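Results of the structural survey
Spelled out, the chains give:
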Amino acid sequence: IKTICKNSNYTYEVIDEDKEVYPIDTKNLAKALSLPLEPRDYQYLAASVGLTRKRSVLISPTASGKSLIIYMMIRHLLNTGKKRGLLIVPTINLVTQMYSDFKQYSVHNGWNVESHCQKIYGGESKIPDSDLVISTWQSIFDMPKKYFAQFDFIIGDEAHTFKAKSLTSIMTKLINCDVRIGTTGTLDDSKVNKLVLEGLFGPVFKVISTKQLIERKQLANLSIKCIVLKYPETVCKAVKGFTYQDEMHFLTQNAERNKFIVDLALNLKGNSLVLFTYVEKHGKLLYEWIEQNCKGRK
């Protein structure tokens, strides 16, 4: 209403304004679920916003505990009359991770994840026979409308990574779903336009930012250092006409470059993670060099 007034140059007066209220008491919900860990304030808020609005996109960054937020919402929905829900994720790894997280959250409350949750991916049966189906969107997007009619709520995790056409196909076939909640860490590199996401799930609600989590000491601080390696001019001239594949081969097999990476990894304190793209021609090579030069380190 305020936006319409401002856009139309109307004057308005707000009488007795209060903060937006989210009446679903997720603190009592968490107690009833006997969770093995105390949810943080923003997790209580996010779950309450999702359950109260029924349609929303919750933005909460990596490592903010989205799976716990999702678990609380799902348990509330199943406890208050919803018969069958769909949790869609972008990868098989996330299917198994969600299933495993839900087991951990249910350890004190007797909720049998094996009987209440069903994983769908790859060659698994697509016929729902549990209260909650956890599936990759790729596994079910081409199923008929009749298939989706049996779900009465949906939660889409990492919704920004879904292909717009497939997500739209799923969401428009969910004819009995009045609860539609998307969760994501960011919309910056979204494969789906923000307006499409809001149209399919509902308005965006920013739960908390990475910066806030770092300031609250709930995430480790970051220090990013970029190292640019420069090559002799003769080498630059020699590789100028290379194809992409030839250039990648040159980079992964360059002895001086690999020695620099190995020395850097071995001279850093604490635990180091070395990431690579090509397993056979680069990853294994780096591993062997590091193993030969690690001087007794694990």
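Notes on the structure in this doc start here.

1. Some words on the side chain of S48
In this structure, S48 sits in helix α3 (residues 41-53). For S48, the side chain forms a polar contact with the main-chain oxygen of I24, separated by 2.9 Å.

2. Looking at the packing of aromatic side chains
For the structure shown, the criterion picks out eight aromatic pairs. Both rings, one in Y71 and one in W111, keep their centres 6.1 Å apart while their planes meet at 75 degrees; by these two values the pair is edge-to-face. In this pair, Y71 is assigned in helix α4 (residues 66-79) and W111 in the loop between α5 (92-105) and α6 (113-116), connecting sequence segments 40 residues apart. Accessibility assignment for this pair places Y71 and W111 in one class, buried. Taking the centre distance of 5.3 Å and the plane angle of 85 degrees together, the rings of Y147 and F148 count as edge-to-face.

3. A few points about the sheet that holds strand β5 (residues 153-157)
Ordered in space as β3-β4-β2-β5-β6-β1-β7, the seven strands form an open sheet in which the pairing is parallel. With one partner strand each, in any of the chains shown, β3 (117-120) and β7 (204-206) form the two edges of the open sheet. Strand-to-strand twist in this sheet, taken as the mean axis angle between neighbours without regard to direction, amounts to 20 degrees. Here β5 runs beside strand β6 (residues 179-184); their pairing, made up of five bridges, is parallel. Each bridged residue has a counterpart across the sheet, and for D157 the counterpart in β6 is T183.

4. Comments concerning helix α15 (residues 279-293)
An α-helix turns once every 3.6 residues. As a result, residues three or four positions apart point the same way. The first and last C-alpha atoms of α15 sit 20 Å apart over 15 residues, in line with the 21 Å expected at 1.5 Å per residue. Buried residues along α15 sit against α13 (244-253) and α14 (255-267).

What counts and what doesn't
- Residues numbered from 1 in each chain as written.
- Predicted model: local features only at pLDDT ≥ 70, side-chain atom pairs only at ≥ 80, totals over all residues.
- Heavy atoms only, no water.
- Helix = DSSP H or I, 4+ residues; strand = E, 2+ residues; numbered from the N terminus.
- Polar contact = N/O pair within 3.5 Å; in protein donor to acceptor, adjacent residues only side chain to side chain.
- Phe/Tyr/Trp six-rings, centres within 6.5 Å; stacked < 30°, edge-to-face > 60°.
- Buried < 20%, exposed > 50% of the residue type's maximum accessible area, 1.4 Å probe, protein only.
- Pairing = 2+ DSSP bridges.
- Axes fitted to C-alpha atoms, helices over the stretch in contact; angles between N-to-C directions.
- Expected span 1.5 Å × (residues − 1).
- Contact = heavy atoms within 4.5 Å.

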